[in-house]
Amino acid sequence: MKVTFPHMGHLWLVLKTALEGIGLEVVVPPPCTRRTLELGVRQAPESACLPLKVNLGNYLEAKELGADTIVMAGGVGPCRIGYYSQVQREILRDLGSEYEMIVFEPPDVHFSEVWEKIKYLNRRPWQDGVHGVILAWLKACAVDALEQEVQRLRPREDHPGRADAIFRRAVQRLDAADSRRTINRTVKEIKAELAAIPRRKKVPLLRIGIVGEIYTVLEPLVNLDIERRLGALGVEVVRSLFLSRWINDNLFKGLLPLPGHHPEKTAPPYLNHFVGGHGWESVGDTVAFARQGCDGVIQLAPLTCMPEIVAHSVMPSVQQATGIPVMTLYLDEQTGEAGLQTRLEAFVDMLRRQKGIRAG
Amino acid sequence: MKVKHWRLGVPRALFYYYYAPWWETFLENLGAEVVVSPPTSKEILDLGVGLAVAEACLPVKVYYGHAAWLAPRVEALFVPRLVSVEQKSFICPKLMGLPDMLRAAIKDCPPVIDPTVDLARRPEEGLRAAIRATARALGAGNREALKAAALAGTRYREWLAWQREGRLIWGSNIPSDCHVEQGATVAGNPCDCLLGQGLGPIANTGAPLTIGIVGHSYLLYDRYLGMDIPGKVARLGGRVVLPENIDPTLGEAACRQLPKRLYWTLGRKIMGTALHLMEKEEIAGLIHLTAFGCGPDSLVGDLAERYAHRLGKPFLLLTLDEHTGEAGVATRLEAFMDMLIRRRSA
Ligand code: SF4
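Here the residue numbering is sequential within each chain, running from 1 through the sequence in written order. By the order in which they are written, chains take letters starting at A while ligands take numbers starting at 1. Since the coordinates come from a predicted model, pLDDT governs what is reported: local features require at least 70, and pairs of side-chain atoms require 80 or more to be given and counted, while whole-chain, interface and lining totals use all residues. The side-chain figures draw on all heavy atoms in the structure; neither hydrogens nor water molecules are used.

Participant: Would you mind showing me how to read the overall build of chain B here?
Facilitator: Along chain B, the regular secondary structure elements total 12 helices and 10 strands. In this scheme, a residue with accessible area under 20% of its type's maximum is buried, one over 50% is exposed, and one in between is partly exposed, where area comes from a 1.4 Å probe on protein chains only. Within the span of chain B, comprising 346 residues, buried residues form 60% of the whole. Residue contacts are defined here by distance: any two heavy atoms, one from each residue, within 4.5 Å place the two residues in contact. A separation of at least 24 residues holds for 72% of the contacts in chain B among residues at least 6 apart in sequence. Working definition: helices are DSSP H or I runs of at least four residues, strands are E runs of at least two. Numbering for both runs from the N terminus.

Participant: What exactly am I supposed to notice about the pattern of salt bridges here?
Facilitator: Oppositely charged side chains are able to pair whenever their charged atoms sit close together. Only one rule defines a salt bridge in this text: a Lys or Arg side-chain nitrogen within 4 Å of an Asp or Glu carboxyl oxygen. For the coordinates displayed, the defined rule picks out 35 salt bridges over all chains. The partner of D46 of chain B in a salt bridge is K42 of chain B, and the shortest N-O contact between them spans 2.7 Å. Here K42 of chain B and D46 of chain B lie together in helix 2 (residues 42–51), a separation of 4 residues that amounts to about one turn. Exposure remark for D46 of chain B: the relative accessible area of 40% places this residue in the partly exposed category. In this structure K42 of chain B comes out as exposed when scored by relative accessible area, which is 51%. Three or more residues joined by partner-sharing salt bridges are found here, namely E90 and D94 of chain A together with D302, R306 and R310 of chain B.

Participant: Please explain the nonpolar core as it appears in this structure.
Facilitator: General note: in soluble globular proteins, nonpolar side chains tend to be found buried as a group. Residues belong to a common nonpolar core when they are buried Ala, Val, Leu, Ile, Met, Phe, Trp, Tyr or Cys residues joined through side-chain atoms within 4.5 Å. Of all hydrophobic cores here, the largest spans 164 residues; its most connected members are F15 and M271 of chain B. The next biggest cluster of nonpolar side chains, apart from the first, holds 68 residues, and it includes W12, V71, W137 and L221 of chain A.

Participant: How should I be thinking about the interface of chain B and chain A in this particular structure?
Facilitator: By convention, interface size is frequently given as the accessible area that disappears when the constituent parts associate. Taken together, the contact pairs 35 residues of chain B with 42 residues of chain A. Note on definitions: buried area is the accessible-area loss of two parts on being combined, 1.4 Å probe, summed for both. Note on chain B versus chain A: buried area summed over both sides is about 3200 Å², and carbon and sulfur give 66% of it. Our enumeration of links across chain B and chain A arrives at 4 salt bridges. Across the pair E105 of chain A and K260 of chain B runs a salt bridge whose closest N-O atoms are separated by 3.0 Å. Within 3.5 Å is the distance limit for a polar contact, defined as a pair of N or O atoms, with the added protein rule that one can donate a hydrogen and the other accept it, and that residues adjacent in sequence qualify only through two side-chain atoms. Applying the counting rule to chain B against chain A returns 14 residue pairs in polar contact (both at pLDDT 80 or more). Sorting the residues of the side of chain B that touches chain A by element identifies strand 4 (81–84), helix 4 (93–105) and helix 11 (295–311) of chain B as the ones contributing at least two each. Here the element with the most residues in the side of chain B that touches chain A is helix 11 of chain B; it accounts for 9 residues.

Participant: I'm lost on the site of the ligand in this one. Help?
Facilitator: Residue and element names in this part refer to chain A. Taken together, the neighbourhood of the ligand is formed by C49, P51, C79, R80, I81, Y84, E213, G277, P302, C305, M306 and P307. When contributions to the shell around the ligand are tallied by element, the ones reaching two or more residues are helix 4 (81–94) and helix 14 (306–322). In this classification, the charged set is Asp, Glu, Lys and Arg, the nonpolar set is Ala, Val, Leu, Ile, Met, Phe, Trp, Tyr, Cys and Pro, and all remaining amino acids, among them Gly, are polar. Considered class by class, the residues forming the shell around the ligand number 9 nonpolar, 1 polar and 2 charged. The rule for a residue being near a molecule or strand is that one of its heavy atoms must lie within 4 Å of it.

Participant: Just to check I follow, could you spell out helix 9 (residues 248–255) of chain B for this structure?
Facilitator: Think of an α-helix as turning once every 3.6 residues; residues three or four places apart then point the same way. All names here are of chain B. Taken together, the buried positions of helix 9 are G251, A254 and C255. All buried residues of helix 9 fall inside an arc of 100 degrees around its axis, so they share one side. Those residues of helix 9 hidden inside the fold are in contact with helix 10 (265–278). In this context, the arc is that of the directions from the helix axis out to the C-beta atoms.

Participant: Would you take a moment to explain the sheet that holds strand 9 (residues 283–291) of chain B for this structure?
Facilitator: Think of a sheet as strands paired side by side through backbone hydrogen bonds, with each pair either parallel or antiparallel. Residue and element names in this part refer to chain B. A pair of strands is considered paired only if DSSP assigns at least 2 bridges between the two. Read from one edge of the open sheet, 4 strands run 8-7-9-10, paired in parallel fashion. Each of the sheet's edge strands pairs with one partner strand only, and the pair in question is strand 8 (238–241) and strand 10 (315–320). Pairs of neighbouring strands in the sheet enclose a mean axial angle of 25 degrees, with direction left out of account. Examined bridge by bridge, strand 7 (residues 209–214) and strand 9 share 5 bridges and lie parallel to one another. Bridging across to strand 9, I213 finds its partner in I287. Under this scheme, a helix contributes an axis fitted over its contacting stretch, all axes are lines through C-alpha atoms, and angles between N-to-C directions fall in the 0 to 180 degree range. The sheet strands contacting helix 12 (residues 326–345) are strand 7, strand 8, strand 9 and strand 10, and the helix crosses strand 10 at an angle near 175 degrees.

Participant: I keep staring at the state of the cysteines and nothing clicks. Help me out?
Facilitator: Note on terminology: a disulfide is the covalent bond linking the sulfur atoms of two cysteines. Our working definition of a disulfide is a cysteine sulfur pair at a distance within 2.5 Å. All told, the structure shown has 0 disulfides over all chains when counted by the stated rule. Free of any disulfide, C57 of chain B has its nearest neighbouring cysteine sulfur in C294 of chain B, separated by 6.2 Å.

Participant: Help me understand the confidence of the model for chain B, please; the structure alone is not making it clear to me.
Facilitator: For any part of a model where pLDDT is low, the fine detail of the predicted coordinates should not be relied upon. Residue and element names in this part refer to chain B. Considering every residue of chain B, the mean pLDDT works out to 87; 87% of them sit at 70 or more. Low pLDDT (under 50) marks residues 170–205, which in the prediction has 93 contacts with non-local residues, meaning those over four places away or in another chain. We note a pTM of 0.93 for the whole complex and an ipTM of 0.93 for its interfaces. Known as pLDDT, the predictor's confidence for each residue is given on a scale from 0 to 100.

Participant: What am I meant to see in the packing of helix 7 (residues 162–176) of chain A against helix 8 (residues 180–195) of chain A here?
Facilitator: Each pair of packed helices gets described by two things: the angle between the helix axes and the distance between those axes. Residue and element names in this part refer to chain A. Where helix 7 contacts helix 8, the axes come no closer than 10 Å and their chain directions differ by 170 degrees. Between helix 7 and helix 8, the crossing angle belongs to the class labelled roughly antiparallel. Contacts between helix 7 and helix 8 pair A163, I166, R169, A170, R173 and L174 from the former with I183, T186, E189, I190, E193 and L194 from the latter. The class makeup of the residues in the contact of helix 7 with helix 8 is 7 nonpolar, 1 polar and 4 charged. Angular relationships are summarised with four words: roughly parallel below 35 degrees, roughly antiparallel beyond 145, roughly perpendicular across 65 to 115, and oblique for the angles in between.

This is the structure we're talking about:
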C-alpha cells in the first residue's frame, strides 16, 4: 500500500510524519503547480469548489508516482467537503485511475469506524504510532510558529526574500527531523537566523488580517502567494487560521490551550449562526481584527464557496459598525497574477491614504 | 394577551415552494395578515441582482428581490433560518445565513422574523422550538401556536398528496387559462390544469415520450426563474415526471445505493428521483435543471450524470444564470427531444 493525501499548505509535512509513524509507505504528491490545477480542472465538475479540483490534481499526480491509496478527511455537511471523496472516487473511476480511499469522518458519527480505519492502516506497534503522531503535532506547531515570525519580518527586512529563503530551509529540516530534540533545535536555530536579518529603518507599516476559507488561506498555489505579495508591499499580515490551531480545534476538540476562534462571541449580531466551513469564523475574525487595530481585512474564498458567500454578504454591516475596510477575493483557476496584484496594490494604497501614510 | 395583527411579508422564492401551505396556514392562524410577493418578474430579479453579492447563486438573488419588493409594503418579513428540515440532513449553508444577509443588504429593512429551524438532531424538539419562537415574535401564546401548527400540518400533508398525484401546480405556475384565481391565496389550492405529470391525463398527440425533470422546486415551479422548463417540455410533446410526483420513499431507497449518505435534503431528493427514474424503461431521458452557483448541485448533478451515462440514459444538464436566454434553452430542449425521438425509432 502506497498512501497519498491532498495538499494544503504545510499539511503534507504533518501527515507524512504521522503516516510514516504508523509504518506506511507515503507518496507525498508533487508540490501544487499550475499543472496540478489544470489536471484537476479538466476532470472536475466545472462549478465545484476549487479545493476539490486541486485535490484531484494531487491524486492524479501522486498516481504517476505509484500511489494507490488516498487518506483524506470527510464530513457530514452542510459543506461540500464531506462529499468530495465520493465525487472524486467516481471521477477517478471513470478515468480508470482507481484508488482505495480511506476517508476520516467526524468521530461523533461513527467512532468505531474511525477506529477500524486506523487499525486497518496501522502497521506498527502502538507506541511507534503514538510517537509518530506526537512528532507530527510538534512539527505542525513548529512550522506555524516560524511562519508567524516570517509574517512579521517580510515587511521589515532590508532585502525582501531572505526570511522566505530561511523558512524554506526550515521546512526541509523539519521534514527530516525524527525527534522532539531535533525539532526544538531547528526552531531555535531558525529563529536566531531570522532574528539576525537586517531590518529597514523604522517604517510605518500597515497591518492586514487574513480571514476566509481554510484551503485558500493556507495553500499558496491557489492564493498566488498572497502573504508574500503583501509583505513585499510593506504590509504585516496576521491571520488566525493555522494548521496547528485547526488540528487542535477540530481533532482535539480544543483540548489544548491554544488561542482558537470564538465566532459565537464575535460574529453576532452580523452573523448569528454557524454556516458551515469557516464562514462564521470569517465574520468573527474580522471583528476581532478590527478590535485589535488592524488597518484592513482580506477575505479569501474559493469561487462558489457557500459559507464564504454568506460571510461576504454580511461584511457591509461589519464594515459599517467597526469601520474596518474588507476586501473579498474569490479565487479559482482563472485568477491571474496581474489582476490579483493590481487589486492588492489598490487596496493597500487605499488603506495607506486612510491612515495618512505616504506610499513607500 | 393583546395580539397585534402583523402584516407579514413572505417572499415567493426558495423554500416557499416547499412549505407555503404550512407557513400560510400557520401564520394566518396566529392572526397575521400574510402578504406573498408576486410571481418572479424581471423587476424582482433585477432588484435582487442589484442587492446581492455577485457570487451568490441565482435563487438566492431572486429571494433578495422578493424580500426587497416586500420590504416597504409590510411591517415585518418572515425569513426562517433554515438549518435542517429533517434528521441528520442539511439545507445549503447559504440559507443558514439568509436573514443576516438580508439585513445587511436591504436598506430600511423592516424587522425580520427569523426563527431557527434545526431538526438535524432532535426533529420534534427542533420543530417545536421554531414554532414557539415564531409565535413569540408575533406576540402569540404557546397554546395558539400549537393549534395553528396542527392545522398547518394537516394542510401541508394534504397538499403533498395532491402534488404526488400531479393534481397541484403552484400559485405562480398556474397556466393562464386556469379557473383558479391566481395570487397569494391560491397557494395550496388544488388545480386540475396539469402539465401532464404523474397520473394526470395527457393532452398529446401520439404516444408521448416520458421525461424526468429533476431540480429544486424553486426552479421547476417558478415560471420566470426556471423558464417554465416543465411546460416547455410538455409543449414539445413530453410527458413530464417531477420529483414531487414520486413517492419519497422510492427516492430514498434509490439513494441508498450511494456509498455515502447524501446529507443535503434537497440533494437527496434530486439524486433519489434521478436514480429511481434512470432505471425505469419508460423514462426516455432525464433533464437536470440547476442554477448557476448552486453548491450542492455542482456535486449532486455531476454524480447523477455519471450514473446516467453508465446506464446509457440520456441526460441533459441545463444550468440557468441571469444571462440565460429563452431561445438558447428552447433550442437545447428541442435538440434533446429530437434526439430522444430518433433514439426511440432507431
Ligand atoms: S467551505 Fe467552501 S470550498 Fe470548502 S467545501 Fe465548503 S463550499 Fe467548498
